[in-house]
Amino acid sequence: MQLEIPSYDRGIGLVTSWPDDYRLMVSVDEAGKVRVVGDSAGLTGLAVQLLALAQNGVPAGAHEDLDDFLLILDEGSSPLRLERA
């Protein structure tokens, strides 16, 4: 598998790239356990976002907010922030 990792742009931040059609759901149970469930395309899209944040030159605090409001996550998902330390 070959992945195209988006680059970080200091002017606009992380340039996101998601597949055209995918499923990705995030939930948190009563015990605080986070569950991420997705099809192959959704999990690959999430991996690309994490790899983009892991690149050299991405500053601490750079982040990507994922939620169902912008239709990045499936409807009813808990919001998730991916952030570079």
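The structure contained in this document is the topic of the report that follows. Residue numbers here run from 1 along each chain, matching the order of that chain's written sequence. Thresholds applied to this predicted model are a pLDDT of at least 70 for local features of residues and 80 or more for the giving and counting of side-chain atom pairs; totals over whole chains, interfaces and linings are not thresholded and use all residues. To get the side-chain values, take all heavy atoms of the structure and skip hydrogens and water.

Another point: the side chain of Asp 74. In this description a helix means any DSSP run of H or I spanning at least four residues, a strand means any run of E spanning at least two, and both kinds are numbered starting from the N terminus. Inspection of the secondary structure puts Asp 74 in the loop between strand 5 (63-66) and strand 6 (80-83). Each residue is assigned to one of three classes by its accessible area relative to the maximum for its type, calculated with a 1.4 Å probe on protein chains only: buried under 20%, partly exposed between the two thresholds, exposed over 50%. Overall, Asp 74 belongs to the buried group, its relative accessible area being 13%. Only heavy atoms matter for contacts: two residues are in contact if any of them lie within 4.5 Å across the pair. Not counting residues up to four positions away in its chain, the partners in contact with Asp 74 are Tyr 22, Arg 23, Leu 24, Met 25 and Asp 68.

What follows is about the side chain of Glu 64. Assignment of secondary structure puts Glu 64 in strand 5. It is Arg 81 that comes nearest to the buried, bridge-free Glu 64 among opposite-charge side chains, at 9.1 Å. The residues touching Glu 64, leaving out its near neighbours within four places in the chain, are Leu 14, Thr 16, Gln 49, Ile 72, Leu 80, Arg 81 and Leu 82. Counting rule for charge: Lys and Arg are taken as positive, Asp and Glu as negative, and neither His nor the chain ends is counted. Whenever a carboxyl oxygen of Asp or Glu lies within 4 Å of a side-chain nitrogen of Lys or Arg, that contact is scored as a salt bridge.

By size, the foremost hydrophobic cluster in this structure holds 14 residues, and its most contacted members are Trp 18, Leu 24, Leu 46, Leu 53 and Leu 66. Going through the elements one at a time, strand 3 (24-28) and helix 1 (40-54) are the ones with two or more residues in this core. Per-element tally for this core: the top contributor is helix 1, with 3 residues. Throughout this description, the term nonpolar core refers to a set of buried Ala, Val, Leu, Ile, Met, Phe, Trp, Tyr and Cys residues connected via side-chain atoms within 4.5 Å.

Moving on to the pattern of salt bridges. All chains considered together, the criterion is met by 2 salt bridges. For Arg 23, the salt bridge is made with Asp 74, and the minimal N-O distance between the two is 2.9 Å. Remark: Asp 74 occurs in the loop between strand 5 and strand 6 and Arg 23 occurs in the loop between strand 2 (13-14) and strand 3; sequence separation between them is 51 residues. Between Arg 81 and Asp 65 there is a salt bridge whose closest N-O contact spans 2.6 Å. Of this pair, Arg 81 sits in strand 6 while Asp 65 sits in strand 5, and the two are 16 residues apart along the sequence.

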